[in-house]
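Architecture at a glance
Listed below, chain by chain, are the residues.
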Amino acid sequence: MNNLPPISSPTGAPSPFPEDPNINLVALAQAQKWVMWAVLANISTVLMALFLQSLLSNPNAASASMLLLFNMLRLFIAIGVAISIWNLGRALKIKLAWLLAILSFLPLVGLVVLLVLNSRATTLLKAGGYKVGLMGAKL
């Protein structure tokens, strides 16, 4: 006689999310790799901002133009992060991937979105037989 509760699975651990057999693992691996590179670029801009803040302590015309160029670079990288999150959401077959891309512009919310999507992608890629490292899956 089996004494398992009615809501437990036969193996004892429920699946974290329903697996879609239509997910293209190669596209998912590429999208995850782009997200990792975008996050690395975003972290580098934060470090550059800290460096520029200490460097530009005396305001003048040259520092104002350098600061403007740097802020434009940060904007382009933020747009790149949003596009890469949208691509990862599409690869995971998430219907509201555009909303996740918009949420990536909010500092802490974007980090949570990124962690959840990366976790889902890593789980699917490992289940598909890929080795997933720090910068994504090895193609």
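Residues numbered from 1 in each chain as written. Predicted model: local features only at pLDDT ≥ 70, side-chain atom pairs only at ≥ 80, totals over all residues. Heavy atoms only, no water.

So, the overall build of the protein
Keep this limit in mind: Only runs of H or I of at least four residues qualify as helices and only runs of E of at least two qualify as strands under DSSP, and these elements are numbered from the N terminus. Here a residue-residue contact requires only that any non-hydrogen atoms of the pair lie within 4.5 Å. Using a 1.4 Å probe, the Shrake-Rupley method yields the accessible areas, and only the shown protein chains count as cover for residues.
Along the backbone of the protein there are four helices and two strands. Helices and strands in the protein line up, N terminus first, as α-α-α-α-β-β. Long-range contacts, defined here as pairs at least 24 residues apart, represent 70% of the contacts in the protein between residues at least 6 apart. When the accessible surface of the protein is summed, it comes to about 9700 Å², and 70% of that surface belongs to carbon and sulfur atoms.

Regarding the packing of aromatic side chains
What counts here: Within 6.5 Å between ring centres, the rings of Phe, Tyr and Trp (the latter by its six-membered ring) count as paired, and their orientation is classed by plane angle as stacked under 30 degrees, edge-to-face over 60, tilted in between. Throughout this description, the term charge over a ring refers to an Arg CZ or Lys NZ atom that lies within 6 Å of the ring centre and within 35 degrees of the ring normal.
One pass over the full model with this rule turns up zero aromatic pairs. The aromatic ring of Trp86 is capped on one face by Arg90, whose charged end is 4.5 Å from the ring centroid.

Here we look at helix 4 (residues 107-127)
Put simply, the rule is: By definition here, a helix of n residues has an expected span of 1.5 Å times n minus one. For every residue, the accessible area (1.4 Å probe, protein chains only) is compared with the maximum for its type, and the residue is labelled buried under 20%, exposed over 50%, or partly exposed between those bounds. As used here, the arc belongs to the directions running from the helix axis to the C-beta atoms.
With 21 residues, helix 4 should reach 30 Å at 1.5 Å per residue; the first-to-last C-alpha distance of 31 Å fits that figure. When we look at burial in helix 4, the residues that qualify are Gly110, Val113, Leu114, Leu117, Asn118, Ala121, Thr122, Leu124 and Leu125. Along the axis of helix 4, the buried residues cluster in a sector spanning 165°; they form a single face. The exposed set on the far side of helix 4, more than 90 degrees from its buried face, consists of Leu108, Val112, Leu115, Lys126 and Ala127. Backbone geometry just after helix 4 places Gly129 at a positive phi near 100°.

Quick word on helix 1 (residues 25-55)
Spelled out, the test is: Distance and chemistry together define a polar contact, namely a pair of N or O atoms within 3.5 Å, with one atom able to donate a hydrogen and the other to accept it when in protein, and with adjacent residues in sequence counting only for side-chain atoms on both sides.
For helix 1, spanning 31 residues, the distance from its first C-alpha to its last is 45 Å, which sits close to the expected 45 Å at 1.5 Å a residue. Within the span of helix 1, buried status applies to Leu28, Ala29, Ala31, Gln32, Val35, Met36, Ala38, Thr45, Ala49 and Leu52. Measuring from the side-chain oxygen of the N-cap residue of helix 1 to the backbone nitrogen of Val26 gives 3.2 Å; that N-cap residue is Asn24.

Observations regarding the nonpolar core
Our working definition: Within this scheme, the nonpolar core is defined by two criteria: the residues are buried Ala, Val, Leu, Ile, Met, Phe, Trp, Tyr or Cys, and they are joined through side-chain atoms within 4.5 Å.
Grouped together as the largest cluster of nonpolar side chains are 21 residues, with contacts concentrated most on Leu28, Ile85, Leu88, Leu92 and Leu117. Excluding residues that lie within four positions of it along the chain, Leu88 makes contacts with Leu28, Ala31, Gln32, Val35, Leu117, Asn118 and Ala121.

Observations regarding the packing of helix 1 against helix 4
How we decide: Interaxial angle, 0 to 180 degrees, is taken between N-to-C directions of lines fitted to C-alpha atoms, where a helix line uses only the stretch in contact. Crossing handedness: left-handed means the near helix sits turned counterclockwise from the far one by under a right angle, and right-handed means the same turn made clockwise. In the scheme used here, Gly and all other residues not listed as nonpolar or charged are polar, with Ala, Val, Leu, Ile, Met, Phe, Trp, Tyr, Cys and Pro taken as nonpolar and Asp, Glu, Lys and Arg as charged.
Interaxial distance between helix 1 and helix 4 falls to 10 Å at its minimum, and their mutual angle equals 145°. Between helix 1 and helix 4 the crossing geometry is left-handed. Counted together, Leu25, Leu28, Ala29, Gln32, Val35, Met36 and Val39 of helix 1 and Leu114, Asn118, Ala121, Thr122, Leu124 and Leu125 of helix 4 form the full contact between these two elements. Looking at the contact of helix 1 with helix 4 residue by residue, the classes come out as 10 nonpolar, three polar and no charged.

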